[in-house]
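Given next are the chains, with one letter for each unit.
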Amino acid sequence: MSTNGSTVSDYKYVPLIKHEPLSDEQQKENEFGELTSDAYRFKVHSREGKPIRKPVIDTPPYYISLVTYLNYLILIILGHIHDFLGMRLQRNKHLDILEHDGMAPWFSNFDSFFARRMKMRIDDCFSRPTTGVPGRFIRCITRISHNLNEYFTYPGTTSMCLNLSSYNYLGFAQSKGQCTDAALESVDKYGIHTGGSRTQIGTTDLHRLTEELVADFVGKEDAMVFSMGYGTNANFFNAFLDRKCLVISDELNHTSIRTGVRLSGAAVRTFKHGDMEGLEKLIRDQIVLGQPKTNRPWKKILICVEGLFSMEGTMCNLPELIALKKKYKCYLFVDEAHSIGAIGPTGRGVCEYFGVNPHDVDILMGTFTKSFGAAGGYIATDKWVMDRLRLDLTTTSYAEPTPAPVLAQIVSSLRTIKGDICPGEGRERLERIAFNSRYLRLALLRLGFIVYGIPDSPVIPMLLYCPSKMPAFSRMMLQRKIAVVVVAYPATPLIESRVRFCMSASITKEDIDYLLRHVDEVGEKLNLKLNSGKSSIDGKAPRWDIEEVIRRTPEDCKDDKYFVL
């Protein structure tokens, strides 16, 4: 495969293989690319309390929206015709939605329609099986689809692809290095032999060390770690809130937050994503109205947002949120699952990025599955709040503790970021992901694509719109040995299907060039270059030639004048 004279082998891609052994040096290069020049680094600076401007949202031509709706309409009509005929002529193939042998159907025709008639057609683009370390490259297991993705068969081969699909922000997903060594040492230190296997019992000093390091890293008095990121949110609200409390939630908050709030029994009101004026009006109205049945004041009002919204690539406007929280005496909860470790001059998240005091945010939540290459989550807050949470949170009593190797991975990656071990490596990783994120985003804009989000976001959503273009883009990228994530309804608005490029410090500038050449080629074939020029900050034409983009953008992406800030 070649593009403009460059071949796959030029970028050290491993061809389709079964079990080809790699040397340690090849394995290391596959997991974390070597930096080819210090020019491909960028140091993020704090905003020193300055709020972000409202992002410029580009929109496609009207005919694109119309065609997108028509695509869905045709799919729905044909799907219902297929169901109508199938349930009468091929009953044995529709038993899951039909009553038979006196038993109710497994699924209702209406509720399962989307999954059967739309999602199933593109299931080969989701949940692709992989093996090995999801580093700079990812090894995808080859599978063959049968009967419109009804089932798959596996010939036993794999394909090495450039990895733009994993939340490996700082590149700590490695099979060799200080983090791997620390994890292996923890097994020997904290494991006990029981019948030939190793088991960990209860809470160890490693748990407390991790909590102390996390609290210090995010700037709070105390922290608690959990073995599952989703469960951190799903259980926190139940301990902090009750039915006399109110949650004011951003409309795009993650499902784990929504699950936790529902379990708490608290009342919920949502505000439009990032709309600070709408949020203030909502807070004032709720203070005046009080609880619905009694009209008594709310026991607590909790403003709930994410630091970095992973579907949009946008960030909460933290300085204005803190101002509103202080003005109306509310609590503020910030979910930093995607921002901690990846955002800010030293990776300390949105508080550092905006230059605000972490003590002005009541509860900071985050996960270890993204930037730290581990698993689990944490809650960080004031000590008096944490002391009460340790009594009330059911997670610590009924869930399993975080395994020692995972804790060792967290501790090692945290210390690397801070510079306590491997001095300079953490700074390099932070500066590499900052450069990579800015470079890819600005390059896509200049090529004519519609891209959402802020310049420093490691998640870069590129809009596809028509549902048929989503599987086409994913499959064409896979053919070019590039692994990407495509997302559609219900995770996004109906007509805003997109591809999310997940940037990593393990990716090199040359890898991004390779990606851009292929995205440019596929974008031309699928008519994805719909940028109207609204987000072309430098006043240039919305579409640049690929060679000019690759030549000029690496230097331009370091200048804030090319972004809306």
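As recorded in an unreviewed UniProt entry, the protein chain goes by serine C-palmitoyltransferase and comes from Candida glabrata. Regarding the protein chain, the UniProt comment filed under Sequence similarities (unreviewed entry) reads as follows: "Belongs to the class-II pyridoxal-phosphate-dependent aminotransferase family." Taken from UniProt, the Catalytic activity (unreviewed entry) comment for the protein chain reads in full: "L-serine + hexadecanoyl-CoA + H(+) = 3-oxosphinganine + CO2 + CoA".

Next up on the list: the overall build of the protein chain. Counting its secondary structure elements, the protein chain contains 17 helices and 22 strands. Compactness check: the protein chain gives a C-alpha radius of gyration of 25 Å against a globular reference of 24 Å for 565 residues, within 12% of the reference. Along the longest, intermediate and shortest principal axes, the C-alpha atoms of the protein chain span 65 × 60 × 60 Å. Counting all 565 residues of the protein chain, 54% fall into the buried class. Counting only contacts in the protein chain whose residues sit at least 6 apart along the sequence, the fraction spanning at least 24 positions is 72%. Working note: accessible area of the protein chain is about 25,600 Å², and carbon and sulfur atoms make up 55% of it. Put simply, the protein chain has 71 plus and 66 minus side-chain charges, and the middle of one group is 4 Å from the middle of the other.

Taken domain by domain, the protein chain consists of domain 1 (35-162 + 428-564) and domain 2 (176-416). At the interface, 25 residues of domain 1 touch 23 residues of domain 2. Where domain 1 abuts domain 2, roughly 2,000 Å² becomes buried across the two surfaces, and 61% of that area is made up of carbon and sulfur atoms. Contact with domain 2 buries area across many residues of domain 1, yet Ile52, Leu430 and Ile454 alone supply 24% of it, more than any other trio. Along the contact surface separating domain 1 from domain 2 lie one salt bridge. The salt bridge partner of Arg498 is Glu312, with a shortest N-O separation of 3.1 Å. For the pair domain 1 and domain 2, the interface holds 12 residue pairs in polar contact (both at pLDDT 80 or more). Contributions of two or more residues to the side of domain 1 that touches domain 2 are made by helix H14 (425-447), strand E19 (459-465) and strand E22 (497-502).

Let's shift gears to the environment of Asp335. Looking at where Asp335 falls in the secondary structure, it is placed in strand E16 (residues 331-335). Classification of Asp335 by relative accessible area gives buried; the value is 3%. Residues contacting Asp335, with those up to four places away along its chain left out, are Asn233, Ile257, Val305, Glu306, Gly307, Leu308 and Met365. Among the polar contacts listed, one links the side chain of Asp335 to the side chain of Asn233, at a separation of 3.0 Å.

A word on unusual backbone geometry. The omega angle of the peptide bond from Tyr489 to Pro490 is 10°, so this bond is cis rather than trans. Looking at the element boundaries, Pro490 is found in the loop between strand E21 (485-487) and E22. Unlike most non-glycine residues, Cys422 shows phi in positive territory, near 50°. Along the polypeptide, Cys422 turns up in the loop between helix H13 (404-418) and H14. Of the residues examined, Cys422 reaches a relative accessible area of 28% and is grouped as partly exposed. Its identity is not glycine, yet Lys481 carries a phi of approximately 60°, on the positive side.

This part is about the sheet that holds strand E20 (residues 482-483). Two orientations exist for strands paired in a sheet by backbone hydrogen bonds: parallel and antiparallel. Strand order in the open sheet made by the four strands is E3-E4-E7-E20, with mixed pairing throughout. If you trace the sheet from one side to the other, it starts and ends with strand E3 (130-131) and E20, each paired once. The pairing of strand E7 (residues 158-163) with E20 spans two bridges and is classified as parallel. Note that in E20 the partner of Leu162 across the bridge is Ile482.

In this model, the protein chain carries an average pLDDT of 89, and 93% of its residues clear a pLDDT of 70 or more. Counting contacts from residues 1-19, a segment whose pLDDT is below 50, to residues more than four positions away or on other chains yields 46 contacts. The low-confidence segment residues 192-200 (pLDDT under 50) makes 17 contacts with residues lying over four places distant or belonging to another chain.

Take the environment of Gln409 next. Mapped onto the elements, Gln409 comes out in helix H13. Take Gln409: its relative accessible area is 10%, and that puts it in the buried class. Sequence separation between Gln409 and Ser186 is 223 residues, and the spatial gap between their C-alpha atoms is 9.3 Å. Leave out the neighbours within four places in its chain, and Gln409 touches Phe172, Cys179, Thr180, Phe372, Gly373 and Ala374.

Moving on to the pattern of salt bridges. According to the stated counting rule, one finds 35 salt bridges in the structure shown. Between Asp285 and Lys281 there is a salt bridge, and its shortest N-O distance comes to 3.1 Å. With Asp285 and Lys281 both in helix H8 (residues 276-289), this residue pair falls four residues apart, about one helical turn. Glu548 serves as the salt-bridge partner of Arg552, at 2.9 Å between the closest nitrogen and oxygen. Of this pair, Arg552 and Glu548 both sit in helix H17 (residues 546-556), separated by four residues, roughly a single helical turn.

It is the contact of helix H15 (residues 469-479) with helix H16 (residues 509-526), at a shortest axis distance of 11 Å, that shows an interaxial angle of 145°. Seen along the crossing, H15 lies across H16 with a hand that is right-handed. On H16, the residues touching Lys469, Ala472, Phe473, Met476 and Met477 of H15 are His518, Val519, Val522, Lys525 and Leu526. For the contact of H15 with H16, the residue count by class is seven nonpolar, one polar and two charged.

On the surface, Arg243, Lys244, Lys293 and Arg296 cluster together into a patch of positive charge. With respect to the helices and strands, the residue Arg243 is situated in the loop between helix H6 (229-240) and strand E11 (246-250).

Two cysteines joined by a covalent bond between their sulfur atoms form a disulfide. As enumerated under the stated definition, the model contains zero disulfides in all. Its sulfur unpaired, Cys161 is 4.1 Å from the next cysteine sulfur, which belongs to Cys140. Take Cys161: its relative accessible area is 0%, and that puts it in the buried class. There is no disulfide at Cys245, and the cysteine sulfur nearest it, in Cys330, is 12 Å away. Relative accessible area serves as the criterion here: at 0%, Cys245 is assigned to the buried category.

Cut-off values and rules
Residues numbered from 1 in each chain as written. Predicted model: local features only at pLDDT ≥ 70, side-chain atom pairs only at ≥ 80, totals over all residues. Heavy atoms only, no water. UniProt positions renumbered as here; feature names shortened; annotations may be inferred. Helix = DSSP H or I, 4+ residues; strand = E, 2+ residues; numbered from the N terminus. Rg over C-alpha atoms; globule rule 2.2 N^0.38 Å. Buried < 20%, exposed > 50% of the residue type's maximum accessible area, 1.4 Å probe, protein only. Contact = heavy atoms within 4.5 Å. Areas by Shrake-Rupley, 256 points an atom, 1.4 Å probe, with all protein chains shown as cover. Lys, Arg positive; Asp, Glu negative; His and termini not counted. Charge placed at Lys NZ, Arg CZ, Asp CG, Glu CD. Domains from an automatic or database assignment. Buried area = accessible area lost by both parts, 1.4 Å probe. Salt bridge = Lys/Arg side-chain N within 4 Å of Asp/Glu carboxyl O. Polar contact = N/O pair within 3.5 Å; in protein donor to acceptor, adjacent residues only side chain to side chain. Pairing = 2+ DSSP bridges. pLDDT = per-residue confidence, 0-100. Axes fitted to C-alpha atoms, helices over the stretch in contact; angles between N-to-C directions. Left-handed = near helix turned anticlockwise from the far one by under 90°. Nonpolar A, V, L, I, M, F, W, Y, C, P; charged D, E, K, R; others polar. Patch = residues over 30% accessible without salt bridge, like charges linked within 9 Å, V, L, I, M, F, W, Y side chains within 5 Å. Disulfide = S-S within 2.5 Å.

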